[in-house]
Amino acid sequence: MKKVLSIHSAPPPHWVGDGFPVRSLFSYQHPRAADFSPFLLFDYAGPAPFEPAARPRGVGTHPHRGFETVTLVYQGEVSHKDSTGEGGTIGPGDVQWMTAGSGILHEEFHSDAFTASGGMFQVVQLWVNLPAKDKGAAPGYQAITKADIPEVALTDGAGFLRVIAGDYAGVKGPAKSFTPMHVWDLRLGTGGKTALDLPEGWTALLAVLEGEVTVNGTPAGAAEIAELARAGSAVEIEAQEEAKLLLLSGAPIDEPIAAYGPFVMNSKAEIRQAIADFNEGRFGQMPA
């Protein structure tokens, strides 16, 4: 079995723009950030109620370079627009996978419909690193609907697993990534128990969004992440109550990280270049 190295509890929430009350379960600023590679950041927004409003809440135009953002919606709706001309709205069960690559501008707001109706909002955003050879890749956008994501029933009626990226039991997920990884969305019922196999040597993180579980015998609760050792392959999860989980596993990128705000590169010189390129308008323009 993979050893549970640590349970990371959520810090107090902070606002990203006026639409995302997030708890950063880990980030590239952590002193052991390299141990989470290829994952850079895990922001958990909500669950939080929003009243109906006259204008959409969210985050206005801002840049990224050198990595990918992955947004998963559990409750509510998020609308996206970027400088490549891509955009759209994702709702419960949908995923948006955006490659910043060489540089992109984008904005994220609650959808018009959710703004008007209000309701519960629950979203996860991951930042996934790119290897040095791909940090200059062309920006891109994958809109992945709930219908695109295969769902696999777990044995003994324990629950189900949705394969967003990578594969599970021969079932492949729709997301395309630059380095090998699994992104699995799990639901376990009360008393549900499942055993998963993960590649030896990969980073492995199990985020508990709701409920109480044990991970290889170690308890973890809502808004906590169980960090697992790269050695070993077996992970056993048992739910003490209904649980909503997100399992992240990926091949580590063994390269230095240099980061500043929305830019994640390999050196300070590359960060300075990213800032200069952004200031000089080389990230393109947002569509009208």
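Model, not experiment: these values are computed from the prediction.

Examining the pairing of strand S24 (residues 243-250)
Item 1. In terms of residue burial, S24 counts as a mostly covered element, since 8 of its 8 residues are buried.
Item 2. Every second residue of S24 is oriented toward a common face, with Ala 243, Leu 245, Leu 247 and Ser 249 on one face and Lys 244, Leu 246, Leu 248 and Gly 250 on the other, all of them buried.
Item 3. The pairing of strand S19 (residues 203-210) with S24 spans 7 bridges and is antiparallel. Directly across from Ala 207, in S24, lies its bridge partner Leu 246.

Brief notes about the packing of aromatic side chains
Item 1. Throughout the structure, instances matching the rule amount to 11 aromatic pairs.
Item 2. With a centroid separation of 5.9 Å and 65° between ring planes, the pair formed by Phe 278 and Phe 283 is classed as edge-to-face.
Item 3. Under the relative-accessibility criterion, Phe 283 is labelled buried at 4%.

Focus: the pairing of strand S18 (residues 193-197)
Item 1. In S18, alternate side chains face the same way, and those of Thr 194 and Leu 196 are buried while those of Lys 193, Ala 195 and Asp 197 on the opposite face are not.
Item 2. As defined by bridge partners, S18 adjoins strand S23 (residues 234-239) across 5 bridges and the pair is classed as antiparallel. When the bridges of S23 are listed, Lys 193 appears paired with Glu 238.

Looking at the pattern of salt bridges
Item 1. A complete count under the given rule lists 12 salt bridges for this structure.
Item 2. Between Arg 65 and Asp 277 there is a salt bridge, with its nearest N and O atoms 3.0 Å apart. Here the residue Arg 65 occupies a position in the loop between strand S5 (58-64) and strand S6 (67-75), and Asp 277 occupies one in helix H2 (residues 268-279), the gap between them amounting to 212 residues.
Item 3. Two residues, Asp 185 and Arg 187, come together in a salt bridge whose shortest N-O distance is 2.4 Å.

Some details on the layout of surface pockets
Item 1. Taken as a whole, the largest pocket encloses approximately 420 Å³ of empty space.
Item 2. Val 16, Leu 41, Asp 43, Gln 125 and Trp 127 are, among the 20 residues lining the largest pocket, the residues nearest its centre.
Item 3. Sorting the residues of the lining of the largest pocket by element identifies strand S2 (14-16), strand S3 (20-26), strand S4 (39-50), S5 and strand S11 (119-129) as the ones contributing at least two each.
Item 4. Per element, the largest residue contribution to the lining of the largest pocket is 4 residues, and it comes from S11.
Item 5. Taken together, the residues of the lining of the largest pocket break down into 10 nonpolar, 8 polar and 2 charged.
Item 6. Estimates place the volume of the second largest pocket at around 150 Å³.
Item 7. Elements with a minimum of two residues in the lining of the second largest pocket: S6, strand S14 (159-165) and strand S17 (181-188).

Focus: the sheet that holds S3
Item 1. One open sheet holds the 7 strands; their spatial order is S2-S3-S4-S11-S6-S9-S12, and the pairing between them is antiparallel. The sheet is open, and its two borders are formed by S2 and strand S12 (140-144), each paired with just one other strand. On average, each strand axis in the sheet is inclined to that of its neighbour by 25°, with strand direction left out of account.
Item 2. With 5 bridges joining them, S6 and strand S9 (residues 95-99) adopt antiparallel strand pairing. When the bridges of S9 are listed, Thr 69 appears paired with Met 98.

Considerations on the sheet that holds strand S13 (residues 151-153)
Item 1. Read from one edge of the open sheet, 7 strands run S1-S22-S19-S24-S17-S14-S13, paired in antiparallel fashion. Every other strand in the sheet has two partners, leaving strand S1 (4-9) and S13 as the edge strands with one partner each. Across the sheet, the mean angle from the axis of one strand to that of its neighbour is 20°, orientation sign disregarded.

Quick look at the side chain of Thr 194
Item 1. With respect to the helices, strands and loops of the structure, Thr 194 is situated in strand S18.
Item 2. Overall, Thr 194 belongs to the buried group, its relative accessible area being 5%.
Item 3. If near-sequence neighbours (up to four positions away) are discounted, Thr 194 is found in contact with Leu 154, Leu 188, Val 235, Glu 236 and Ile 237.

Describing unusual backbone geometry
Item 1. Note the cis peptide between Ser 37 and Pro 38, where omega equals 15°.
Item 2. As for its position among the elements, Pro 38 is in the loop between S3 and S4.
Item 3. Omega for the bond connecting Gly 46 with Pro 47 falls within 30 degrees of zero, at -5°, which places this linkage in the cis form.
Item 4. Note on placement: Pro 47 falls in strand S4.
Item 5. For Ala 169, which is not a glycine, the phi torsion comes out positive at approximately 50°.
Item 6. Summarising the element assignment, Ala 169 is placed in the loop between strand S15 (167-168) and strand S16 (171-172).
Item 7. Looking at Ala 169, the relative accessible area reads 66%, which means it is exposed.
Item 8. For Ala 223, which is not glycine, the phi torsion reads 60° and is therefore positive.

Calculation notes
- Residues numbered from 1 in each chain as written.
- Predicted model: local features only at pLDDT ≥ 70, side-chain atom pairs only at ≥ 80, totals over all residues.
- Heavy atoms only, no water.
- Buried < 20%, exposed > 50% of the residue type's maximum accessible area, 1.4 Å probe, protein only.
- Helix = DSSP H or I, 4+ residues; strand = E, 2+ residues; numbered from the N terminus.
- Pairing = 2+ DSSP bridges.
- Phe/Tyr/Trp six-rings, centres within 6.5 Å; stacked < 30°, edge-to-face > 60°.
- Salt bridge = Lys/Arg side-chain N within 4 Å of Asp/Glu carboxyl O.
- 1 Å grid on protein atoms, 1.4 Å probe; cavity = no way out; pocket = protein on both sides within 12 Å on 5 of 7 lines; lining within 4 Å.
- Points joined across faces, edges and corners; volume = space filled by probe spheres on them.
- Nonpolar A, V, L, I, M, F, W, Y, C, P; charged D, E, K, R; others polar.
- Axes fitted to C-alpha atoms, helices over the stretch in contact; angles between N-to-C directions.
- Contact = heavy atoms within 4.5 Å.

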